[in-house]
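Letter by letter, the chains look like this.
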Amino acid sequence: MSIFDKYLFKKDRLIKRRIEIDSTLYEKLVELSNEYDASINKLVNIAIIEMIKTENVKVYEKPENEIVEAHNFAIRETSYNEMEKLKNKYGLSIYKLTNIAIYNAVNS
């Protein structure tokens, strides 16, 4: 394992998807993208990878009047395939799994 493996992702095919994200979660991603040297897309991919590793798939309570916004993302193919497995295992949509992953990441 090289030092680069510790900090960088290996190349992976990207799958473009339009996913609805809770607006409060998206706002937190915007703040984090200004703090870290990472795009919102990379932050979402990191959150998804962490959720897949830990399999922390707990539905959270979102505010009653939460607005959802659709955003375009390029999700790593290997991560998307793993989310498909979680979708089948837990009966949750990709949209919901993505929001759970982001929620877990911004609240850890």
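Residues numbered from 1 in each chain as written. Predicted model: local features only at pLDDT ≥ 70, side-chain atom pairs only at ≥ 80, totals over all residues. Heavy atoms only, no water.

Looking at this model, I keep getting lost on the packing of helix H3 (residues 40-54) against helix H4 (residues 77-90). Mind explaining?
The description of two helices packed together rests on the angle between their axes and the distance between the axes. Packing of H3 against H4 brings their axes to within 10 Å, and their N-to-C directions diverge by 45°. Classified by the angle between their axes, H3 and H4 sit oblique to one another. Seen along the crossing, H3 lies across H4 with a hand that is left-handed. Here Ile-48, Ile-49, Met-51 and Ile-52 of H3 lie close against H4, whose contacting residues are Ser-79, Glu-82, Met-83 and Leu-86. Among the residues making up the contact of H3 with H4, the classes are represented as six nonpolar, one polar and one charged. (Axes fitted to C-alpha atoms, helices over the stretch in contact; angles between N-to-C directions. Helix = DSSP H or I, 4+ residues; strand = E, 2+ residues; numbered from the N terminus. Parallel < 35°, antiparallel > 145°, perpendicular 65-115°, else oblique. Left-handed = near helix turned anticlockwise from the far one by under 90°. Contact = heavy atoms within 4.5 Å. Nonpolar A, V, L, I, M, F, W, Y, C, P; charged D, E, K, R; others polar.)

Where do I start with H4 in this structure?
Along an α-helix, a turn takes 3.6 residues, which lines up residues three or four apart on a common side. The end-to-end C-alpha distance of H4, which contains 14 residues, comes to 20 Å, matching closely the 20 Å that a straight helix rising 1.5 Å per residue would cover. Buried within H4 we find Ser-79, Tyr-80, Met-83 and Leu-86. Down the axis of H4, the buried side of the element spans an arc of 115°, and every buried residue falls inside it. Within H4, the exposed residues directed more than 90 degrees away from the buried face are Lys-85, Asn-88 and Lys-89. Of the surrounding secondary structure, the elements contacted by the buried residues of H4 are strand S1 (14-22), H3, strand S2 (68-76) and helix H5 (94-106). Phi turns positive one or two residues past the end of H4, at Gly-91, with a value near 70°. (Expected span 1.5 Å × (residues − 1). Buried < 20%, exposed > 50% of the residue type's maximum accessible area, 1.4 Å probe, protein only. Arc of directions from axis to C-beta.)

Sorry if this is basic, but what is going on with a negative patch on the surface here?
Judged by side-chain charge, Glu-27, Glu-31, Glu-35 and Glu-69 come together as a negatively charged surface patch. Here the negative patch takes three residues from helix H2 (residues 23-35), the largest share from any one element. Counting through the fold element by element, Glu-69 comes out in strand S2. (Patch = residues over 30% accessible without salt bridge, like charges linked within 9 Å, V, L, I, M, F, W, Y side chains within 5 Å. Areas by Shrake-Rupley, 256 points an atom, 1.4 Å probe, with all protein chains shown as cover. Salt bridge = Lys/Arg side-chain N within 4 Å of Asp/Glu carboxyl O. Lys, Arg positive; Asp, Glu negative; His and termini not counted. Charge placed at Lys NZ, Arg CZ, Asp CG, Glu CD.)

Sorry if this is basic, but what is going on with the packing of H2 against H5 here?
Direction vectors running N to C along H2 and H5 enclose 50°, while the axes themselves pass 10 Å from each other. As far as their axial angle goes, H5 and H2 are oblique. Of the two elements, H2 crosses H5, and the hand of that crossing is left-handed. Between H2, through Leu-25, Lys-28, Leu-29 and Leu-32, and H5, the contact on the second element is made entirely by Asn-99, Ile-102, Tyr-103 and Val-106.

Would you take a moment to explain the pattern of salt bridges for this structure?
Proximity of charged atoms lets side chains of opposite charge pair with each other. Applying the stated criterion across every chain yields a total of six salt bridges. For the salt bridge of Lys-10 with Asp-5, the shortest nitrogen-to-oxygen distance reads 3.3 Å. Measuring nitrogen to oxygen at the nearest pair gives 3.9 Å for the salt bridge that ties Asp-12 to Arg-76. Residue Asp-12 is found in the loop between helix H1 (3-7) and S1, and its partner Arg-76 is found in strand S2; the two are separated by 64 residues along the sequence. In this structure Asp-12 comes out as partly exposed when scored by relative accessible area, which is 21%.

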